[in-house]
Amino acid sequence: MSNNSNVVDNLISKLSKLPGIGRKTAQRLSFYLLKLPREEVIGLARALVDIKDKIKYCKVCFNISEGELCKFCRSEKRDKSVICVVEEPNDIYFIEKTNEYRGLYHVLGGVLSPLNGIGVEDLKIKELIKRLDEKVKEVIIAINPSVEGEATILYLSKIIKPLGKKVTRLARGIPVGGDLEYTDEVTVSKALEGRIDV
Ligand code: ZN
């Protein structure tokens, strides 16, 4: 039994459910928060609630957005002839950090995974196909090369190529099964630059 109060225990148990945070870290964070001034804790709590209340998904590319369209889809400066396909909104952040890419994005919402019951209908694939008008010349598939990722890349290539679009994927250099998240920006940048036809 712990000697914490129920209120503190509740916070520890909630925090320890977050990715990368074990029980010990959750405990440390909880006691740290306990010592913070009230307004700082309220600021943090407000920021947490805001991501649920204020963040929506872009109706074109499914990136996170505060309005109907995300900042990339709204921008006049982005190159509308290239669409980079990623698994999650988080991946966009890592590609943007390279400062190499000026095109648009499309967030699939995952990869094909028959074992987990994730099929074509569960991903934003038909929404991607709908975007491929004559302005779009190239689709870069920036999906992690896990077994499921590879199957997804092949599937996308098979349906996009007949539409007359160039389909490329990131060059090797991103570790197999590795997430973009764990790859530094130089590697992502090289992988983008040396992208290869699928
Ligand atoms: Zn968008």
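The notes below deal with the structure included here. (Residues numbered from 1 in each chain as written. Predicted model: local features only at pLDDT ≥ 70, side-chain atom pairs only at ≥ 80, totals over all residues. Heavy atoms only, no water.)

Observations concerning the nonpolar core
Stage number 1. Ranked by size, the top nonpolar core spans 22 residues in total, and within it Cys84, Val86, Ile95, Tyr101, Tyr105, Ile140 and Leu170 carry the most contacts.
Stage number 2. Ignoring any residue separated from it by four or fewer positions in sequence, one finds Cys84 in contact with Ile95, Tyr101, Leu104, Tyr105, His106, Ile140 and Ala142.
Stage number 3. With 18 residues, the next largest nonpolar core counts Ile83, Leu123, Ile141 and Ile143 among its residues. (Core = buried A, V, L, I, M, F, W, Y, C linked by side-chain atoms within 4.5 Å. Buried < 20%, exposed > 50% of the residue type's maximum accessible area, 1.4 Å probe, protein only. Contact = heavy atoms within 4.5 Å.)

Things to note about the sheet that holds strand β5 (residues 138-141)
Stage number 1. Read from one edge to the other, the open sheet built from five strands follows the order β4-β3-β5-β6-β7, with strand pairing classed as mixed. Looking at strand neighbours, the two that pair on one side only are β4 (103-107) and β7 (196-197), the edges of this open sheet.
Stage number 2. In terms of strand pairing, β5 meets strand β6 (residues 166-169) through four bridges, oriented parallel. Its bridge partner lying in β6, Glu138 is registered against Lys166.
Stage number 3. With respect to the sheet, helix α5 (residues 89-96) is in contact with β3 (79-86) and β4, its orientation differing from that of β4 by roughly 155°. (Pairing = 2+ DSSP bridges. Helix = DSSP H or I, 4+ residues; strand = E, 2+ residues; numbered from the N terminus. Axes fitted to C-alpha atoms, helices over the stretch in contact; angles between N-to-C directions.)

Let's talk about the pairing of β3
Stage number 1. Inspection of the sheet shows β3 paired to β4 by five bridges, in the parallel sense. Across the sheet, the residue bridging to Asp79 is Gly103, located in β4.
Stage number 2. With respect to chirality, the unit in which β3 leads through α5 into the neighbouring parallel β4 is right-handed.
Stage number 3. Bridging between β3 and β5 involves four bridges; their strand directions are parallel. Of the residues in β5, the one forming a bridge with Cys84 is Ile140. (Right-handed = clockwise from strand over helix to strand, strands pointing away.)

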